[in-house]
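A closer look at the structure
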Amino acid sequence: MEPVLRATFASPIVTSSLSVHRAILSNLGLCSTAAPRRIRHRSRCIHTSTTRPATPLPHPTVVGPPPPPPQVSVSSSEAALIRKREIADRSKAGENLKVDPAKPTTALKKRFWKDVSIVETPAGLQVHLDKRPVRTATKATLTIPHSKRALASGIALEWDQLVSAQQALKHHYIPLTALVSRAIDITAAEAARDTAIRETIVEMAMRYLSTDTLLCWAPERNIHEPELTGKPSLRSRQREMAEPIIGFLRTHVFPGVDINPILGEDSIRPEPQPQLTQQVIQGWVSGLPAWELAALERAILASKSLLIASRLLVDWSPEFAHLRKGGEGIQRFGTEEAAAAASLETLFQTEQWGEVEDTHDVEHADMRRQLGSVVLLVS
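Each value, and the rule that gives it
- Residues numbered from 1 in each chain as written.
- Predicted model: local features only at pLDDT ≥ 70, side-chain atom pairs only at ≥ 80, totals over all residues.
- Heavy atoms only, no water.
- Salt bridge = Lys/Arg side-chain N within 4 Å of Asp/Glu carboxyl O.
- Helix = DSSP H or I, 4+ residues; strand = E, 2+ residues; numbered from the N terminus.
- Buried < 20%, exposed > 50% of the residue type's maximum accessible area, 1.4 Å probe, protein only.
- Patch = residues over 30% accessible without salt bridge, like charges linked within 9 Å, V, L, I, M, F, W, Y side chains within 5 Å.
- Areas by Shrake-Rupley, 256 points an atom, 1.4 Å probe, with all protein chains shown as cover.
- Lys, Arg positive; Asp, Glu negative; His and termini not counted.
- Charge placed at Lys NZ, Arg CZ, Asp CG, Glu CD.
- Pairing = 2+ DSSP bridges.
- Core = buried A, V, L, I, M, F, W, Y, C linked by side-chain atoms within 4.5 Å.
- Contact = heavy atoms within 4.5 Å.
- pLDDT = per-residue confidence, 0-100.

Moving on, we get to the pattern of salt bridges. In this structure the tally under the stated criterion is ten salt bridges. The shortest N-O distance in the salt bridge between Asp 315 and Arg 332 comes to 2.4 Å. One end of the pair, Asp 315, is in helix α10 (residues 306-316); the other, Arg 332, is in the loop between α10 and α11 (335-342), with 17 residues separating them in the sequence. With relative accessibility at 44%, the residue Arg 332 sits in the partly exposed group. For Arg 368, the salt bridge is made with Glu 336, and the minimal N-O distance between the two is 3.2 Å. In this pair, Arg 368 is assigned in helix α13 (residues 360-378) and Glu 336 in helix α11, connecting sequence segments 32 residues apart. Where salt bridges share partners, they join Arg 311, Asp 315 and Arg 332 into one cluster.

Structure below.
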């Protein structure tokens, strides 16, 4: 067999390993020279369910005319004029709406008043819808002190812009009315020796102190944030924003107490304020008059910060006018300053990644509206 093998491998016709193998077997008589049979592999599915062809769906059709073409954006003054015309048209439609006796809820869709006016009474200023005064949820007449005429004008403007009685059931349509009603409810409850509302607000305020926005500073370095070349870090900007506010409160409102940052440079675990600090701040909040307490609650919920709310309240309430004497060098702390301190982290993020339309801009306007209502209530 050895010569045969050598002859086979030496043959110039053999050009592949398969040809060599077939030539060897043919010389040995173990393989026929007929053409090899083709092996067919049967396809197998990995599932046992039967296959079904896809059924294409028809293209959806929309009933009605096509949408209007895009319009050129108008200026702010033109937009305000258009918005006022729309409000006037909806007001007329609400006044002319007919109530269906079979559907009592249709009465809420109708604006049952035409004129809004401010009436001066011996008890205070009242907002009248035609000849009926605006009332709180507890049926008490909404009466505003004579010194707060700007607040009464704001409430009258809220009701003049409503297009139906149903909108009056939602607080975001009438934020000033809701805030004054809260102050009146606190006053009435304390006149009846009921301190439940005041205790609830004080407890809520102290919970916000433990996670105060003004004291929650970001870590000095964050591996998840891009490197800021030539720009201050978020923590340094938060410190720069918070230190003047904390310094004012420690000097004029809470003298002799320590107000420390909640988060360390390399920690995400909040640290509580000293016990003395908590006692002093809780005593100050508990002793606020009813209208100032309602304003503080609204400012805390808007800014998520007891310290920012306290700074805003002290700067505008006549109850703390004595604390502002001799402070010519101190910058006035208004709605813009409070909103900037409360939304610094959001501003830092939008500077890097941009704003989300209908989210950041809406929050920006709503926070200033809420804080502005606080200023109107106490000033």
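A few words on a negative patch on the surface. A surface patch of like charges, here negative, comprises Glu 355, Glu 357, Asp 358, Asp 361 and Glu 363. Take Glu 355: it is sitting in the loop between α12 (344-353) and α13. Residue classification places Glu 355 among the exposed residues on the basis of a relative accessible area of 59%.

What follows covers the pairing of strand β1 (residues 116-121). Of the strand pairs in this sheet, β1 and strand β2 (residues 124-129) are connected by six bridges, and their pairing is antiparallel. Residue pairing in the sheet places Ile 118 in a bridge with Val 127 of β2. The hairpin turn running from β1 into β2, its antiparallel successor, is two residues long.

With that settled, consider the nonpolar core. Grouped together as the largest cluster of nonpolar side chains are 74 residues, with contacts concentrated most on Ile 155, Trp 159, Val 180, Trp 284, Val 285 and Leu 377. For this core, the leading source of residues is helix α9 (residues 290-303), giving nine residues. Once residues within four sequence positions are removed from consideration, Val 180 is found in contact with Leu 142, Ile 144, Leu 151, Ile 155, Trp 291 and Leu 377.

A few words now on the confidence of the model for the chain. Here the chain averages 81 in pLDDT, and 76% of its residues register 70 or above. Across the chain, the element-wise mean pLDDT spans from 44 in helix α1 (residues 2-10) up to 96 in α9. Confidence over residues 1-15 falls short of pLDDT 50; this stretch has twelve contacts with residues more than four positions distant or in other chains.

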